[in-house]
4 protein chains.
Amino acid sequence: MSGNSIGKLFSVTTCGESHGAGLMAIVDGVPSGLALCAEDLQIDLDRRKPGSSKYSTQRRESDEVEIISGVFEGKTTGTPIGLLIRNTNQKSKDYGEIKDTFRPGHADYTYSMKYGFRDYRGGGRSSARETAMRVAAGAIAKKYLFERLGVQVRGHVTQMGSEHCKEIESSEIDWEFVNSNPFFCADKDAIVRFETLIDSLRREGTSCGARLEIIASGVPVGLGEPVFDRLDADIAHAMMSINAVKGVEIGDGMAVAEQFGHSARDEMTPDGFTANHAGGILGGISSGQDIRVSIALKPTSSITTAGKSINAQGEAVDMLTKGRHDPCVGVRATPIAEAMLAIVLLDHYLRNRGQNADVVPPITAIVH
Amino acid sequence: MSGNSIGKLFSVTTCGESHGAGLMAIVDGVPSGLALCAEDLQIDLDRRKPGSSKYSTQRRESDEVEIISGVFEGKTTGTPIGLLIRNTNQKSKDYGEIKDTFRPGHADYTYSMKYGFRDYRGGGRSSARETAMRVAAGAIAKKYLFERLGVQVRGHVTQMGSEHCKEIESSEIDWEFVNSNPFFCADKDAIVRFETLIDSLRREGTSCGARLEIIASGVPVGLGEPVFDRLDADIAHAMMSINAVKGVEIGDGMAVAEQFGHSARDEMTPDGFTANHAGGILGGISSGQDIRVSIALKPTSSITTAGKSINAQGEAVDMLTKGRHDPCVGVRATPIAEAMLAIVLLDHYLRNRGQNADVVPPITAIVH
Amino acid sequence: MSGNSIGKLFSVTTCGESHGAGLMAIVDGVPSGLALCAEDLQIDLDRRKPGSSKYSTQRRESDEVEIISGVFEGKTTGTPIGLLIRNTNQKSKDYGEIKDTFRPGHADYTYSMKYGFRDYRGGGRSSARETAMRVAAGAIAKKYLFERLGVQVRGHVTQMGSEHCKEIESSEIDWEFVNSNPFFCADKDAIVRFETLIDSLRREGTSCGARLEIIASGVPVGLGEPVFDRLDADIAHAMMSINAVKGVEIGDGMAVAEQFGHSARDEMTPDGFTANHAGGILGGISSGQDIRVSIALKPTSSITTAGKSINAQGEAVDMLTKGRHDPCVGVRATPIAEAMLAIVLLDHYLRNRGQNADVVPPITAIVH
Amino acid sequence: MSGNSIGKLFSVTTCGESHGAGLMAIVDGVPSGLALCAEDLQIDLDRRKPGSSKYSTQRRESDEVEIISGVFEGKTTGTPIGLLIRNTNQKSKDYGEIKDTFRPGHADYTYSMKYGFRDYRGGGRSSARETAMRVAAGAIAKKYLFERLGVQVRGHVTQMGSEHCKEIESSEIDWEFVNSNPFFCADKDAIVRFETLIDSLRREGTSCGARLEIIASGVPVGLGEPVFDRLDADIAHAMMSINAVKGVEIGDGMAVAEQFGHSARDEMTPDGFTANHAGGILGGISSGQDIRVSIALKPTSSITTAGKSINAQGEAVDMLTKGRHDPCVGVRATPIAEAMLAIVLLDHYLRNRGQNADVVPPITAIVH
């Protein structure tokens, strides 16, 4: 139940460092009878993995996942599912220089102060490498949600650095297009601008941040456990736990500060809600509308521009990191954020069913 | 361990509805020997309570808290502390009309669909009334954090509707002034504009949102349990669990999307960090710098402007809510957000001490 | 989530000391729509309370419970239920002498060493007083289990000191008789022997232990979450958490060490099992048979015979405790043990429903 | 946080079936800086593994454990430790016949009813195979407890079937002898009787139960989190979670029912306690004395004597299981029980340190 576990009924526990032998996850509480094989997980792993396009990092990991337990004759048994990914492409020598220094903007300093020392190769446990397991576990959640409930969890990049995508109604997003370009971008016109930006960032040896939107459609009404485990609270927790995320928004997010009550609330009619400022969650419980989550990721600090730092003796040094890095981590965070949302939704689906399976709602849900 | 409990070592469990007999909290894991009495909690409760100023709601609750257990001869015993607040000023007749309707923007619909029916008086458990207990429990956390560790947790309003406060360095905020005006505002010039705004909102029968910043200073380095219970993830969870919150930011928050790596990272020197874009958390672990959290609260939906909704038979109706409401919930959320941050920090302090009390950090912390 | 909370979906959190203002419980995860009022809880509280008979302790508490939240118009709302019992009959002066001494056999020494000091009045949190809240919370669980599932949880005393009851088939126990005598005893012939024993123990200023059996009938098949949260493991946890319990057995319990495989296993036929050595749990999951749990409680150490101990300065002293004590705590532990079993069963019922509500069992359960 | 996870600060999550690809564990919350390598874990794994002696099962697994993460340069990093053991010696054809039948005394029926179907090979997740991971994880706990605190956790068999060992003071047990014979037996004279018994059980095609005692010495005073997470409650939970365990006792266990208060309590002197009826735990908190736990394991139901059962269509059948089985599972449960006790003790050590690291005990502990 420590910090490397998430979820109460459907829970995911992970381990693994950037340059260790591999990554593991134990996914517990998966209902039985779900068809599952490693290929189901590989799809999302491949969407995430390094080396997928010339716009992301050059480290090439196959990220081949193996299912160790919990599946028999092609179906989940209800017992915990073990997942294993071996690391194959660590270049430890890339990191030898930082052994005794703390890279600015990274977790080197905080990990060393907390634990006394750290696995300095590639950031150790603080590296985004561990997110591969979130994606694999999230793929299991996505499969159940889709096949059993018709819930779809899909994300796209809405902003990269100063380049904004145009606003598109969630019902009009071309998801095939989103998943066919390396930026997970829904706006055809923005692609060229993104490519230009990435190229110039690489040349300048720096990086930029990104903003993503993740949408869950078809979510049943009633998920969420007020007052502390509100659905949006657990979503915020899951998203903020992703490396580099510094902000999480539900629905209109931070913009609600400027809104007025009479225009910001989503009115109801027998045929559904008239708007979705709330982002699909009311009072911490899903309303049946699309759940809309936005997150902002900070620019990678692993850039080839030198920065001021200190070493393990507390002396001032200039840091120059080399190695293989992303000019924009946003390019790969999309499947990670989808996975986290799926994990939270499945956990809450099971929790709600556990307590409230007998409930007869007073009316038919107004969102179908 | 259900949804009404937060925290792993220092945990707070609450119950209570808007118009029930009262509110209760059980605060478990408080270290022994802390001087504590009901007056210590009353200070923050009074900062939160309705009727404190003419700019907030008219419901007048005394919010007098009683300590039922866990304190002996004026000190905490290490056993769980029970807190009780009786509701005394419920006006149930204010809500009689909404018994069979679902107020737009409220949780009436979602609660009814989830549980089959709801306590409709004043929003029942979904009402902000329950936050009184968060504040009482948070006051215990604040006291320990301050007296034992020198950690201070303080919040202020940075925006109300379209009225923004000017930016002030956190080290220059006049906290006495903040806590002497009804808006918890640090910017003297903004007070008048806030007053004008509130008055016009009340006349127009609507409401606006708000944006708050909460700062924790003096936090030791090393708090946070990666990868899922990162300190920022647990903070986001705690903040998003507050009624009306729709966005949570750490440090520069959503703005990091536009930033560049070489300027956004906080460089380090032997005398500390050169900036604090990160908001005091690196890799999910506290760095020793001020922890800066911003939240946005949506405008109250309980306004005297009519809105479209449906009733418990699924028929379209026009909703007009009467009663006693806040034109800006932000005025009272400041102590609530402080309480939530304090709760998370104390829980993480104990968790970190549990696992890492023996650790000898490699160097002296660069933030003192 | 600290030590004063039990259960994952249906969870009970308590607080309160022997001589504090009162006891509280927050019961979270109760499904909505269950008819509930304070009288429902008072029945079991009265079965437990001191002063019920001349054979137990003389402290007379009314143990009147008040429902603070979570019930509206006579039914549970699905929100957390708050319970409050005020202490009214503390005789603090009875304990003045032990302020600076550690009573042998009690938790005085361990609490003081763990927390630095203790509320010495009546044992503080270590007193059996806190079990009143377990009984109140357990009554809610019992009500749901019985009304919705037909599950009955009932206990009886099978041994007091050296006096054993004769063995009676669980299906032949006269529960009305059990609950009409002050010993919760099913064996008419044993009553007289128990009375004689109690009287002589009181005269001699000492006490004896007891052995109880608690039976849950009508339990559906499938409850339990292997491998760590097996149903029997959680039952053992719940029972061993009761003051004075030193042993827990499921089915044949410790006697299985002497048994042979071919006679000890419960064979199956289409009409049910041929025996119940297993006590209703196989592989950590309920089989549908009666769940049989036995516990042994040690004799109270609060007796009027002097004993050797030390004081708060570490010096040897002779301890003589006065006050109002039970010669046999077993007389009152029966409703407490029933409550704990009910709490575990309801939690597991909800957990199993959460994960497995969709499961279609391969055959009709062989126990009906 | 589901059923396959144990512990709150130091937590162990496992997965893996008898005939799947392998077993995995994620051990989270291990303090950093502990020297650790796979060989450290192999010692206890070898004590447990099948094929160690001619008196246990014939399945020969190497049980070679690999450390996947959490260790760097030979020391734990504080990040989660991943463990992997590949299954290499499954004989799936041994189990083909039971595909459609439910073996009496096994979990086949309950698993199938709970999950809808089961991995029938070797008992799937219900097999004792999963205990290999408990032993590996427990070895980490044991190492920390011993090297940092001087705590030793050791077990021995006190009874096999009707053959009892003589009583030996825990301080006089020859642990080297215990660990040099295949029965983990401390009584030289009992060995021959055990051998004779095992041989006759094998000839007769049946099995017997066993009784074990596990002792933890050098435990600091103050571990345990009343009232629900008392140290003895968590120990009972951990022990009862082991396959085949049907009874758990602390100290004098079930025998306390017959004891008298004046002789059963452990009196205190400045030099320690005069006895240890309590088994080292008072009021749910460790007293510093040896913690004594006894458990009883039922005889294996996997025997070559036929038994009545039903098949997956609900029809009566005669079951005859073949394969490789233990005539007495007690022979291998000793390291498993040691592991579980170590896991609970380390978790409680960290939890107590988390909340109470600042506490100054009133006197020097009377047990050193």
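The rules we used
Residues numbered from 1 in each chain as written. Chains lettered and ligands numbered in written order. Predicted model: local features only at pLDDT ≥ 70, side-chain atom pairs only at ≥ 80, totals over all residues. Heavy atoms only, no water. Helix = DSSP H or I, 4+ residues; strand = E, 2+ residues; numbered from the N terminus. Rg over C-alpha atoms; globule rule 2.2 N^0.38 Å. Buried < 20%, exposed > 50% of the residue type's maximum accessible area, 1.4 Å probe, protein only. Contact = heavy atoms within 4.5 Å. Areas by Shrake-Rupley, 256 points an atom, 1.4 Å probe, with all protein chains shown as cover. Lys, Arg positive; Asp, Glu negative; His and termini not counted. Charge placed at Lys NZ, Arg CZ, Asp CG, Glu CD. 1 Å grid on protein atoms, 1.4 Å probe; cavity = no way out; pocket = protein on both sides within 12 Å on 5 of 7 lines; lining within 4 Å. Points joined across faces, edges and corners; volume = space filled by probe spheres on them. Pairing = 2+ DSSP bridges. UniProt positions renumbered as here; feature names shortened; annotations may be inferred. Least-squares fit on C-alpha atoms with pLDDT ≥ 70 in both. Salt bridge = Lys/Arg side-chain N within 4 Å of Asp/Glu carboxyl O. Polar contact = N/O pair within 3.5 Å; in protein donor to acceptor, adjacent residues only side chain to side chain. Buried area = accessible area lost by both parts, 1.4 Å probe. pLDDT = per-residue confidence, 0-100. Axes fitted to C-alpha atoms, helices over the stretch in contact; angles between N-to-C directions. Phe/Tyr/Trp six-rings, centres within 6.5 Å; stacked < 30°, edge-to-face > 60°. Lys NZ or Arg CZ within 6 Å of the ring centre and 35° of its normal.

**Details of the overall build of chain A**
Then, number 1: Assigned secondary structure in chain A consists of 8 helices and 19 strands.
Then, number 2: The C-alpha radius of gyration computed for chain A amounts to 21 Å, which stays within 12% of the reference 21 Å derived for 368 residues, consistent with globular compactness.
Then, number 3: For chain A, the C-alpha atoms occupy an extent of roughly 65 × 50 × 35 Å along the three principal directions.
Then, number 4: With 368 residues in all, chain A has 71% of them scored as buried.
Then, number 5: Contacts spanning at least 24 positions in sequence make up 72% of the contacts within chain A whose residues lie at least 6 apart.
Then, number 6: Put simply, chain A shows about 10800 Å² of open surface, and 49% of that area lies on carbon and sulfur atoms.
Then, number 7: On chain A, the mean spot of the 40 positive side-chain charges and the mean spot of the 47 negative ones are 6 Å from each other.

**Comments concerning the layout of surface pockets**
Then, number 1: The volume enclosed by the largest pocket comes to roughly 1200 Å³.
Then, number 2: In terms of lining residues, the largest pocket is bounded by 45 residues, among which A:Ser170, A:Asn276, A:Gln289, A:Asp290 and A:Arg292 are the most central.
Then, number 3: For the lining of the largest pocket, the secondary structure elements donating two or more residues are strand S9 (152–160), strand S11 (210–217), strand S17 (291–297) and helix H8 (330–356) of chain A together with helix H2 (108–115) of chain B.
Then, number 4: At 4 residues, H8(A) tops the list of elements feeding residues into the lining of the largest pocket.

**Topic: the pairing of strand S11 (residues 210–217) of chain C**
Residues and elements named next belong to chain C.
Then, number 1: With respect to burial, S11 is a largely interior element, 7 of its 8 residues being buried.
Then, number 2: The pairing of strand S9 (residues 152–160) with S11 spans 8 bridges and is antiparallel. In the strand pairing of S11, Val157 is matched with Leu212.

**Here we look at the UniProt feature "binding site: NADP(+)" (unreviewed entry) in chain A**
Residue and element names in this part refer to chain A.
Then, number 1: As annotated by UniProt and renumbered to match this structure, "binding site: NADP(+)" (unreviewed entry) occupies Arg48 and Lys54.
Then, number 2: With respect to the helices and strands, Arg48 occurs in helix H1 (residues 38–48).
Then, number 3: Judged by its relative accessible area of 2%, Arg48 falls in the buried class.
Then, number 4: When residues no more than four places from it in sequence are discounted, the contact partners of Arg48 are Asp63, Ala128, Arg129, Thr131, Ala132, Val135, Arg332, Pro335 and Ile336.

**Details of the relation of the copies chain B and chain A**
Then, number 1: Overlaying chain B with chain A gives an RMSD of 0.0 Å, the required rotation being 180 degrees about an axis along which the chain moves by 0.0 Å. Here the two chains are linked by the operation of a two-fold rotation axis. It is B:His237 whose C-alpha, among those of chain B, lies nearest the rotation axis, at 2.3 Å.
Then, number 2: A high fraction, 100%, of the interface residues of chain B reappear at the interface in chain A, so the copies pair face to face through one surface.

**Section: the pattern of salt bridges**
It is possible for side chains of opposite charge to pair when their charged atoms get near one another.
Then, number 1: Applying the stated criterion across every chain yields a total of 103 salt bridges over all chains.
Then, number 2: For A:Arg353, the salt bridge goes to C:Asp358, with nearest N and O atoms at 3.1 Å. Of this pair, A:Arg353 sits in helix H8 while C:Asp358 is found in the segment after helix H8 (330–356), placing the two residues in two different chains.
Then, number 3: Given the relative accessible area of 7%, A:Arg353 is considered buried.
Then, number 4: Residues B:Arg292 and B:Glu213 are paired through a salt bridge, measuring 3.5 Å at the closest nitrogen-oxygen approach. Here B:Arg292 is found in strand S17 (residues 291–297), whereas its partner B:Glu213 is found in strand S11 (residues 210–217), with 79 residues between them in sequence.
Then, number 5: Given a relative accessible area of 18%, B:Arg292 falls into the buried group.
Then, number 6: A relative accessible area of 13% places B:Glu213 in the buried class.
Then, number 7: Overlapping salt bridges bring together A:Lys8, A:Asp229, A:Asp234 and A:Arg351 as one network.

**Concerning the relation of the copies chain D and chain B**
Then, number 1: For these two chains of identical sequence, chain D goes onto chain B by a turn of 180 degrees and a shift of 0.0 Å along the axis, with RMSD 0.0 Å.
Then, number 2: In this assembly, 100% of the residues forming the interface of chain D have copies in chain B that are likewise at the interface, indicating an isologous arrangement.

**Details of the UniProt feature "binding site: FMN" (unreviewed entry) in chain A**
Then, number 1: On the UniProt side, "binding site: FMN" (unreviewed entry) is annotated at positions that read A:Arg125, A:Ser126, A:Ser127, A:Asn243, A:Ala244, A:Gly283, A:Lys298, A:Pro299, A:Thr300, A:Ser301, A:Ser302 and A:Arg324 here.
Then, number 2: Positionally, A:Arg125 belongs in the loop between helix H2 (108–115) and helix H3 (131–149).
Then, number 3: Apart from residues lying up to four places away in sequence, A:Arg125 is in contact with A:Asn4, A:Thr14, A:Cys15, A:Gly16, A:Glu17, A:Tyr111, A:Glu130, B:Val227, D:Thr79 and D:Pro80.
Then, number 4: A distance of 2.8 Å separates a polar atom in the side chain of A:Arg125 from a polar atom in the side chain of A:Asn4.
Then, number 5: Along the chain, the position of A:Asn243 falls in the loop between helix H6 (231–240) and strand S12 (245–250).
Then, number 6: Accessibility expressed as a relative area gives 13% for A:Asn243, which makes it buried.
Then, number 7: With residues up to four places along the chain from it excluded, the contact list for A:Asn243 reads A:Ser126, A:Ser127, A:Ala128, A:Glu130, A:Thr131, A:Leu297 and B:Arg230.

**Structural notes on the interface of chain B and chain A**
Then, number 1: Counting residues at the interface gives 120 residues for chain B and 120 residues for chain A.
Then, number 2: Summing the contributions of chain B and of chain A, the shared interface buries around 9200 Å²; its carbon and sulfur component is 64%.
Then, number 3: When the area that chain B buries against chain A is broken down by residue, the three leading residues are B:Lys114, B:Phe228 and B:Lys246, summing to 10%.
Then, number 4: On inspection of chain B and its partner chain A, the count reaches 4 salt bridges.

**Details of the confidence of the model for chain A**
Then, number 1: Of all residues in chain A, 93% have pLDDT values of 70 or greater, and the mean over the chain is 92.
Then, number 2: For this predicted complex, the interface score ipTM comes out at 0.96, while the overall pTM is 0.97.

**Regarding the sheet that holds strand S9 (residues 152–160) of chain B**
Then, number 1: Spatial ordering of the open sheet is given by S10(A)-S9(A)-S11(A)-S17(A)-S12(A)-S12(B)-S17(B)-S11(B)-S9(B)-S10(B), a layout of 10 strands whose pairing is antiparallel. Whereas interior strands pair on both sides, the edge strands pair on one side only; in this sheet they are strand S10 (163–164) of chain A together with strand S10 (163–164) of chain B.
Then, number 2: Pairing of S12(A) with S17(A) involves 5 bridges; the strand directions are antiparallel. Across the sheet, residue A:Val248 finds its bridge partner in S17(A), namely A:Ile295.
Then, number 3: This element, H8(A), spans S9, S11 and S17 of chain A of the sheet and lies at about 145 degrees to S9(A).
Then, number 4: Against the sheet, helix H8 (residues 330–356) of chain B contacts S9, S11 and S17 of chain B, and its axis sits at roughly 145 degrees relative to S9(B).

**Let's talk about the sheet that holds strand S1 (residues 5–6) of chain B**
Residues and elements named next belong to chain B.
Then, number 1: Reading across from one edge, S1-S2-S3-S7-S4 is the order of the 5 strands in this open sheet, with antiparallel pairing throughout. Of all the strands in the sheet, just S1 and strand S4 (65–69) have a single pairing partner and so form its edges.
Then, number 2: Summarising the sheet, strand S3 (residues 22–28) and strand S7 (residues 81–86) pair through 6 bridges and their orientation is antiparallel. Its bridge partner being in S7, Ala25 is matched across the sheet by Leu83.
Then, number 3: Sheet contacts for helix H3 (residues 131–149): strand S2 (11–16), S3 and S7; angle to S7, the most-contacted strand, approximately 145 degrees.

**Things to note about the packing of aromatic side chains**
Then, number 1: Per the stated rule, a full pass over the model turns up 24 aromatic pairs over all chains.
Then, number 2: Seen in terms of ring centroids, D:Tyr144 and D:Tyr349 are 6.3 Å apart; in terms of plane orientation they differ by 50 degrees. Their pairing is tilted. You can see D:Tyr144 sitting in helix H3 (residues 131–149) and its partner D:Tyr349 sitting in helix H8 (residues 330–356), a full 205 residues away along the chain. Considered together, D:Tyr144 and D:Tyr349 belong to a single accessibility category, that of buried residues.
Then, number 3: Each residue in the set A:Phe102, A:Tyr109 and B:Phe273 is aromatic and connected to the rest through ring pairs, giving one cluster.
Then, number 4: For A:Lys188, the ring lying beneath its charged end belongs to A:Phe177, and the centroid distance is 3.9 Å.

**A short note on unusual backbone geometry**
All names here are of chain A.
Then, number 1: Residue Val227 follows Pro226 across a cis peptide bond; omega there is 5 degrees.
Then, number 2: Along the chain, the position of Val227 falls in the loop between S11 and H6.
Then, number 3: For Asp63, which is not glycine, the phi dihedral falls at a positive 50 degrees.
Then, number 4: Mapped onto the elements of the fold, Asp63 is located in the loop between H1 and strand S4 (65–69).
Then, number 5: Owing to a relative accessible area of 0%, Asp63 belongs among the buried residues under this scheme.
Then, number 6: Backbone geometry at Ala244 places phi at a positive 80 degrees, although glycine is not the residue there.
Then, number 7: Here Ala244 lies in the loop between H6 and S12.

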